[in-house]
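A closer look at the structure
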Amino acid sequence: MANIVDTAIGAGSFTTLVAAVSAAGLVETLKGAGPFTVLAPSDSAFAKLPAGTVEGLVKPEAKGALTGILTYHVIAGKHLAADVMKMTSAATVNGQLVEVKFTDGKVFINGATVVSADIVCDNGVIHVIDSVLLPK
């Protein structure tokens, strides 16, 4: 079993997320012991952002903003789908809460739909979401 970063790289559908994690200097953290629950936007989720957003965020001068956005997608601990469905909110690593709703058999995080859950890694779990979460 691989860690969160290597699992994301191997999946092939998180190239933007992996590039952003690298630009923010978070690779070693997310390869660490954890455990972490990562709400991972797919490449198609990043593609929904306005043109130029991702390119702007991966510039060195935007590292602080990028780090804030990425840590808003990480929850401390390993929370499988069965655990997440019982939550109404969760504290992210950046200190802000995300809202969790379970409606019509689907889990929503701040309105983003969880499209694939429980990708178990040796240092946590990945849940794939269809939109990028932006902290308030």
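Here, the structure is the one placed above.
Residue indices begin from 1 for each chain and proceed along its sequence in written order. Selection of residues for local features in this predicted model requires a pLDDT of at least 70, selection of side-chain atom pairs for listing and counting requires 80 or more, and totals for whole chains, interfaces and linings are taken over all residues. Each side-chain value is worked out from all heavy atoms of the structure, with water and hydrogens disregarded.

With that settled, the discussion passes to the side chain of Ser-42. On the secondary structure map, Ser-42 appears in the loop between β1 (36–41) and α4 (43–47). For Ser-42, a relative accessible area of 12% corresponds to the buried category. Polar side-chain contacts of Ser-42 include one of 2.9 Å to the side chain of Ser-44. A helix here means a DSSP run of H or I that spans at least four residues, while a strand means a run of E at least two residues long, and both kinds are numbered starting from the N terminus. Buried residues are those whose accessible area, probed at 1.4 Å on protein chains only, stays under 20% of the maximum for their type, while exposed residues exceed 50% and partly exposed ones sit between those limits. Any pair of nitrogen or oxygen atoms within 3.5 Å is treated as a polar contact; in protein, a donor-acceptor pairing is required on top of that, and neighbouring residues in sequence qualify only through side-chain atoms on both sides.

Attention shifts here to unusual backbone geometry. The omega torsion of the bond from Gly-34 to Pro-35 falls at 5°, within 30 degrees of zero and hence cis. Topologically, Pro-35 is positioned in the loop between α3 (27–31) and β1. Despite not being glycine, Asp-104 shows a phi value in the positive range, around 50°. Following the sequence through the fold, Asp-104 ends up in the loop between β4 (97–103) and β5 (106–109). Residue Asp-104 is classed as exposed on the basis of its relative accessible area of 77%. A positive phi is found at Asn-110, a non-glycine position, where the angle reads about 50°. By secondary structure assignment, the location of Asn-110 is in the loop between β5 and β6 (112–121). The exposure class assigned to Asn-110 is partly exposed, which follows from its relative accessible area of 29%.

These figures capture arrangement, not role.
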